Amino acid sequence: MLIIGLTGSIATGKSTVSSFLSSPPYSIPIIDTDLLARQVVEPGTPSYKAIVDYFGPNTPDLLLPPKPDQPNDPHGQPLNRPALGRRVFGTTEERKRDRLVLNKIVHPAVRWEVYKALVYYFLRGHWAVVLDVPLLFESGMDLLCGTVVVVGVRDAAVQMARLRARDPHLSVEEAQGRVSSQGDVRGKVEKAEFRGTETARGVIVWNDGDKSDLEREVQKAMGSIQTTSPRWWAWVLLLAPPVGVGVAAWNLALNFMQQKRWDRKAKEEKAKL
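Residues numbered from 1 in each chain as written. Predicted model: local features only at pLDDT ≥ 70, side-chain atom pairs only at ≥ 80, totals over all residues. Heavy atoms only, no water.

### As for the sheet that holds strand β4 (residues 147-152)
Read from one edge of the open sheet, 5 strands run β2-β3-β1-β4-β5, paired in parallel fashion. Strands at the two margins of the open sheet, each flanked by one partner only, are β2 (30-32) and β5 (202-206). Sheet twist, expressed as the average angle between the axes of neighbouring strands with direction ignored, equals 20 degrees. Two strands pair when backbone bridges link them, and strand β1 (residues 2-8) and β4 are joined in this way by 5 bridges, in the parallel orientation. Each residue of the ladder has a partner; that of Ile4, found in β4, is Thr147. Packing of helix α1 (residues 14-22) onto the sheet brings it into contact with β1, β2, β3 (128-132), β4 and β5, and relative to β1 it is tilted by some 155 degrees. Strands in contact with helix α10 (residues 211-228) are β1, β4 and β5; relative to β5, the strand with the most contacts, it is inclined by about 165 degrees. (Pairing = 2+ DSSP bridges. Helix = DSSP H or I, 4+ residues; strand = E, 2+ residues; numbered from the N terminus. Axes fitted to C-alpha atoms, helices over the stretch in contact; angles between N-to-C directions. Contact = heavy atoms within 4.5 Å.)

### Section: the packing of aromatic side chains
Tallied over the full model, the rule gives 4 aromatic pairs. A ring pair is formed by Tyr54 and Phe55, whose centres lie 4.7 Å apart and whose planes are at 80 degrees; its orientation type is edge-to-face. For Phe55, a relative accessible area of 0% puts it in the buried group. When the centroid spacing of 5.3 Å and the interplanar angle of 70 degrees are considered together, the rings of Phe194 and Trp262 count as edge-to-face. Here the residue Phe194 occupies a position in helix α9 (residues 185-196), and Trp262 occupies one in helix α12 (residues 241-272), the gap between them amounting to 68 residues. According to the relative accessible area criterion, Phe194 is partly exposed, its value standing at 29%. The lysine or arginine in question, Arg154, covers the ring of Trp206, its NZ or CZ lying 4.2 Å from the ring centre. (Phe/Tyr/Trp six-rings, centres within 6.5 Å; stacked < 30°, edge-to-face > 60°. Buried < 20%, exposed > 50% of the residue type's maximum accessible area, 1.4 Å probe, protein only. Lys NZ or Arg CZ within 6 Å of the ring centre and 35° of its normal.)

### Considering the layout of surface pockets
In this structure, the second largest pocket spans a volume of roughly 850 Å³. Every residue lining the second largest pocket is counted, 31 residues in all, and those nearest its centre are Met1, Leu2, Val247, Ala248 and Asn251. Elements represented by at least two residues in the lining of the second largest pocket include exactly β1, α5 (93-123), α11 (231-239) and α12. (1 Å grid on protein atoms, 1.4 Å probe; cavity = no way out; pocket = protein on both sides within 12 Å on 5 of 7 lines; lining within 4 Å. Points joined across faces, edges and corners; volume = space filled by probe spheres on them.)

### Points about a nonpolar patch on the surface
On the surface, Trp232, Trp233, Val236 and Val243 cluster together into a nonpolar patch covering about 360 Å² of accessible area. Looking at the nonpolar patch element by element, the count peaks at 3 residues for α11. Along the chain, Trp232 falls in helix α11. Judged by its relative accessible area of 56%, Trp232 is exposed. (Patch = residues over 30% accessible without salt bridge, like charges linked within 9 Å, V, L, I, M, F, W, Y side chains within 5 Å. Areas by Shrake-Rupley, 256 points an atom, 1.4 Å probe, with all protein chains shown as cover. Salt bridge = Lys/Arg side-chain N within 4 Å of Asp/Glu carboxyl O.)

### What to know about the pairing of β1
Most of β1 sits out of view: 7 of its 7 residues are buried. Alternating positions in β1 separate into two faces, Leu2, Ile4, Leu6 and Gly8 on one and Ile3, Gly5 and Thr7 on the other, with burial throughout. Where β1 lies against β3, 5 bridges are found, and the strand directions are parallel. Bridge assignment links Gly5 to a residue of β3, and that residue is Leu131.

### Some details on the packing of α11 against α12
Two numbers describe how α11 lies on α12: the axes approach to 5 Å, and their chain directions differ by 110 degrees. As summarised for this structure, α11 and α12 are arranged roughly perpendicular, according to the angle between their axes. Residues Trp233, Leu237, Leu238 and Leu239 of α11 form the contact with α12, whose participating residues are Pro241, Val243, Gly244 and Val247. (Parallel < 35°, antiparallel > 145°, perpendicular 65-115°, else oblique.)

Take a look at the structure:
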């Protein structure tokens, strides 16, 4: 089974690409880590308790107030996500520290759910699955992927305009903080290109136009991916488990070696400055 890592920065159109891939003619299952991240912090979960214990004392509005017409949840009130977002999004040292704490709480729980979903879709015989992760490279989950698709825009002003149109309650500073917290999309593009665009191990989907332009970009990207990883190959891996294990190990090793080469390249470029 091919694991397609889907990533991009906020407001670049990643969710729209995900909806294309989950619909005909592709109909690929989507593992949405944003959705999983919401599920693992529901009241009563270990991650919920850890977040409340750490952020609660200094964030009075961390939890949503109870609704008069609904009984109180015995496990606690749901998280007030905008309030939590204000604590962790931004570029100050305090916000970076809080974001790191939040990630250390949420990411392990999300990873476990991802692994369970991958096994489920593999056993059901799917030729591919999309692993939708905003911080794919930053979390190291690109190591699992046979192909990484980055949704990017060439003009940062377009990205900011889309974000503020989508979330009009955000101030300019808050919008910029959210963009910065997910990293420069150009860096993600460079990493995908480093994986290899000719072999479709790294694929760029540009979203500078309208929805129809984006759909054509997705068609072109999937054409390249399906050429290098046809559906019949997924059945070979499923019906011959030793082959599947060997291919998975080789892919992991290849990605690990590429990551090492990328790190060396980055250090050499930094040393030249």
